[in-house]
Every structure is written in C-alpha cells, then in structure tokens.
Amino acid sequence: MHTGIILLIAGILAFVLNMIFTPTILRLSHRFRWYDQIDHRKIHTEDTPRLGGVGFFLSFIFASIILAVFIPTLNGSVAEIRMLSNQNILLFVGLFMVHGLGLVDDFRNIRAIYKLIGLIIAGALVAIGGALMDGIYLPLIGFVIPLGPLSGAITIFWLISISNAVNLIDGLDGLAGGTGLIAAFAIGVVHIILGNFPGALYSIILAGALLAFLVFNRPKAKIFMGDSGSLFLGFLLGALVFIGGSDTSSMQQELNQFVAGFVLTITVLIVPIVDMISAILRRLRERKPIHHPDKEHLHHKLLGMGFSTVNILFLVHGVNLLMGLAVVSWAINKRFGGSDLAGDAILVLAWILGASLFTWLHYAYRSKK
C-alpha cells in the first residue's frame, strides 16, 4: 500500500479514537469533579475538566500500536518500517513516564524538583535508545558543531526544555493544542519530503489526535489538556525529529544529526520557546525561582492589550503557520538540491519575524501598564 494512504489512515484513526476517548473522559470528569483548579493566574472562571491530554495520549498510543501490527503487512517489509525498534520502544516508555508524571500532577501538585527528575529519567531513556542530538547546525554559516560525549546530556536538556515550553503556553483555549497541531503536521511533512516514514507516521498520528482534542478545546473550551497533556505533547514534539527507521539514507542521517532537528523544531515552536525564555529571564530579573508562576506570558499580555481569545488564536496560529511553511520550504529546498544558503535564509527570516513580534509585544504591553 502506498505510504501516503497509510499516513492518511493513521491520521484518521488517531482522530476517530480521540473522538471516542475525549467525550468519555468528559463524562467521567464531570461525574467525579476532576476540574482544573481556579486561581488568580487562570483565565477560566467555570469548572472545566483538565484531563484532555489523556485522550490524545491514549489515541496516539493505541493508533501507534495498531499500525505497528498492521503496517508490516500493508507495506510488505518489516525491515523497512522498524516500528518496534529499540529506539521507538524506549521513546514510548519515556512518553508513558512523562504522561504519568503530568497526570499525577493534575491531581496532586508535585514539587518542581520531582518533575525535573522524572523528565530527566524519561529523556535519558530516549537518549539511550539512540535518538540523540549529535550536532547543532548553524544556519547561514553551514557549520555543524559536533557534540560528541555531550550529545546525551544536551538531548535530555532539549526534551525537558520543549516539554516546559509547551506546558507554559497552555493557558488559553486552543493555544497549546493548536500550536502542537501545526508543529506536528509541519514536522510530519518535513519527514515525508526527506523520506523518513516512521517520523512522518508518528507526526501525523499526533496531529490527528490533537485535531480531535481541539474539537472540545476550542473557545469556549469544554476540556483542558492539563499537565498530563502539555508535558507529553512537548516531550513528543521535541523527540519527533529524532525518530527514524532502520535503514538510514544520507538525508536521514542529516536529520538524525539534528542538522534539521535543531533549527526546524525551534522554528515551528518559536512561540512557546521564546515565551519560555522570556519567562526565565523575567523571573531571574525579579529574583524569583524560574518555576515561579506569573501572569506575564504571551496570552496574558495579549489579553491585557485588549485582544479577544479568538483574535489571539488567529495571531499566534498565523505566526505558527508561517513558521510551518518556512520549515516545509527548507525541506523542499534540501530535497531537490537547492542552495543551502537560500534554505537557511528562509529559517532565519522566520526567526526574525518571531523575535520582532515578541519585542513589539513586550514594549507595547509595558507601555500600557
């Protein structure tokens, strides 16, 4: 069967599964009052279930298992797919750990240090499986900084950072879910263009599951993803660029080296990444712990400037879509032998756009205080 058909089936399967799981979770949440806690930092003012992440986590896992069973038959080659490679198995164990950690935190607040330890262990499992950041590519310069023995530690740091970036931006209906959907789809298209079927498959499965979640999370949200969803989503988005098959082409090696991974993931997730960096710098400047919560995140600032929830989603997801188009353009340029300088320029221009937006927002918001 053609890989395009398999990817379409994968996305539809994950979507349908989550359209079954999420309503069930909603009913259970209302019955047992599993609601997101209302406090001064939260925007919502009504009792709203917080376990939407369980739905798209289960959808991703079940769809992946189903396809792992049937894809060798559909595609005719177990060696070509390697859905059950050691790399992927350890990735899934790490995903279970991260999701479980967030789920416990949704019911009982966990101290930041314990969350960090759990994320380190999960990240180490992914690194042990071989999904490593071997080098960091510098756009325009065209130079790869080899990481050597530091690759494992930096990979773990990367996964923890992206997990927290998505967790921090999850404060407005449809914001984190929509950002994740666009990022997953864009990364999936990059994998398709560069010939990495397993990476494309997992990306499209995640996108399908998130699309169903957004049916219930769009304004006015019936359910939130909770920490069980945001940590899992960020961790998986950070790992998607590392996922490969058993047979490695030169293009695949380049992707696994993080030549594409570093710059592409930063690009498609530039909104939550810059928001996280801004939060860390802000808290250091105010001499507060970096995990100290506040109401100075991107969505808080836009709300403070008078933007409605819908307008914020249009603005942020508009930027996300432009970033997604930038990485797809980069991949097309790479696939068909275009100039590396031209492809890198597209990404750098996208970064400048994202940085300009945040700089404008920072000073515009401060001037209104």
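Given the structure is predicted, the values throughout are model-derived calculations rather than measurements. (Residues numbered from 1 in each chain as written. Predicted model: local features only at pLDDT ≥ 70, side-chain atom pairs only at ≥ 80, totals over all residues. Heavy atoms only, no water.)

Undergrad: Where do I start with empty space enclosed by the protein in this structure?
TA: To locate leftover empty space, one rolls a probe as large as a water molecule over the atoms. Throughout the structure, instances matching the rule amount to two cavities of 30 Å³ or more. Q87, N88, L91, V126, A131, A239, F242 and I243 are the residues that line the second largest cavity. Considering every element that reaches the lining of the second largest cavity, the biggest residue donor is helix α4 (residues 86-107), with three residues. Residue classes in the lining of the second largest cavity are distributed as six nonpolar, two polar and no charged. (1 Å grid on protein atoms, 1.4 Å probe; cavity = no way out; pocket = protein on both sides within 12 Å on 5 of 7 lines; lining within 4 Å. Points joined across faces, edges and corners; volume = space filled by probe spheres on them. Helix = DSSP H or I, 4+ residues; strand = E, 2+ residues; numbered from the N terminus. Nonpolar A, V, L, I, M, F, W, Y, C, P; charged D, E, K, R; others polar.)

Undergrad: Hey, could you run me through the side chain of S64 in this one?
TA: With respect to the helices, strands and loops of the structure, S64 is situated in helix α2 (residues 52-75). Residue classification places S64 among the buried positions, given a relative accessible area of 3%. The contacts of S64, once residues within four sequence positions are left out, are F92, Y202 and I205. (Buried < 20%, exposed > 50% of the residue type's maximum accessible area, 1.4 Å probe, protein only. Contact = heavy atoms within 4.5 Å.)

Undergrad: Sorry, what's going on with the pattern of salt bridges here?
TA: Working definition: two side chains of opposite charge can pair if their charged atoms are close together. The tally for this structure, following the rule as stated, stands at five salt bridges. R33 is the partner of D47 in a salt bridge, and the nearest nitrogen-oxygen pair spans 3.3 Å. Separated by 14 residues along the polypeptide, D47 in the loop between α1 (3-32) and α2 and R33 in the loop between α1 and α2 bring together distant segments of the chain. Residue D47 is classed as partly exposed on the basis of its relative accessible area of 41%. K288 is the partner of E286 in a salt bridge, and the nearest nitrogen-oxygen pair spans 3.4 Å. According to the relative accessible area criterion, K288 is partly exposed, its value standing at 35%. (Salt bridge = Lys/Arg side-chain N within 4 Å of Asp/Glu carboxyl O.)

Undergrad: Can you walk me through α4 in this structure?
TA: Helical geometry: 3.6 residues make up each α-helical turn, so side chains three or four residues apart lie on a common side. Across its 22 residues, α4 extends 32 Å between first and last C-alpha, which sits within 8% of the 32 Å expected from 1.5 Å per residue. Turning to α4, its buried residues number three or more, namely Q87, N88, L91, F92, G94, L95, V98, H99, L101, G102, D105 and D106. (Expected span 1.5 Å × (residues − 1).)

Undergrad: I would appreciate a short explanation of a nonpolar patch on the surface in the present structure.
TA: Side chains of I89, V93, M97, I113, Y114, L116, I117, I120 and I121 sit close together on the surface and give an oily, nonpolar patch of about 730 Å² of accessible area. The set of elements that each furnish at least two residues to the nonpolar patch consists of α4 and α5 (112-128). In terms of residue count, the dominant contributor to the nonpolar patch is α5 (six residues). Mapped onto the elements, I89 comes out in helix α4. (Patch = residues over 30% accessible without salt bridge, like charges linked within 9 Å, V, L, I, M, F, W, Y side chains within 5 Å. Areas by Shrake-Rupley, 256 points an atom, 1.4 Å probe, with all protein chains shown as cover.)

Undergrad: In this structure, what is going on with the environment of A212? I would like to understand it.
TA: As for its placement among the helices and strands, A212 is situated in helix α8 (residues 197-217). In this structure A212 comes out as buried when scored by relative accessible area, which is 0%. For the pair formed by A212 and I12, sequence separation is 200 residues and the distance between their alpha carbons is 9.7 Å.

Undergrad: Would you mind going over the packing of α4 against helix α9 (residues 226-239) with me for this structure?
TA: When two helices pack together, their arrangement is given by the angle between the helix axes and the distance between those axes. Where α4 meets α9, the closest approach of the two axes is 6 Å, and the angle between their N-to-C directions is 155 degrees. In terms of their interaxial angle, α4 and α9 are classed as roughly antiparallel. Here the hand of the crossing between α4 and α9 comes out right-handed. On the side of α4, the interface is formed by L91, G94, L95, V98, H99, G102, L103, D105 and D106, while α9 contributes G226, D227, S228, L231, F232, F235, L236 and A239. Tallied by class, the residues present in the contact of α4 with α9 amount to nine nonpolar, five polar and three charged. (Axes fitted to C-alpha atoms, helices over the stretch in contact; angles between N-to-C directions. Parallel < 35°, antiparallel > 145°, perpendicular 65-115°, else oblique. Left-handed = near helix turned anticlockwise from the far one by under 90°.)

Undergrad: Hey, could you run me through the packing of α4 against α5 in this one?
TA: Two elements in contact, α4 and α5, have axes separated by 7 Å at closest approach and are oriented at 170 degrees. The orientation of α4 relative to α5 falls into the category roughly antiparallel. For the pair α4 and α5, the sense of crossing is left-handed. Taking contact as the criterion, the partners of L90, L91, V93, G94, M97, V98, L101 and D105 in α4 are, on α5, Y114, K115, G118, L119, I121, A122, L125, V126 and I128.

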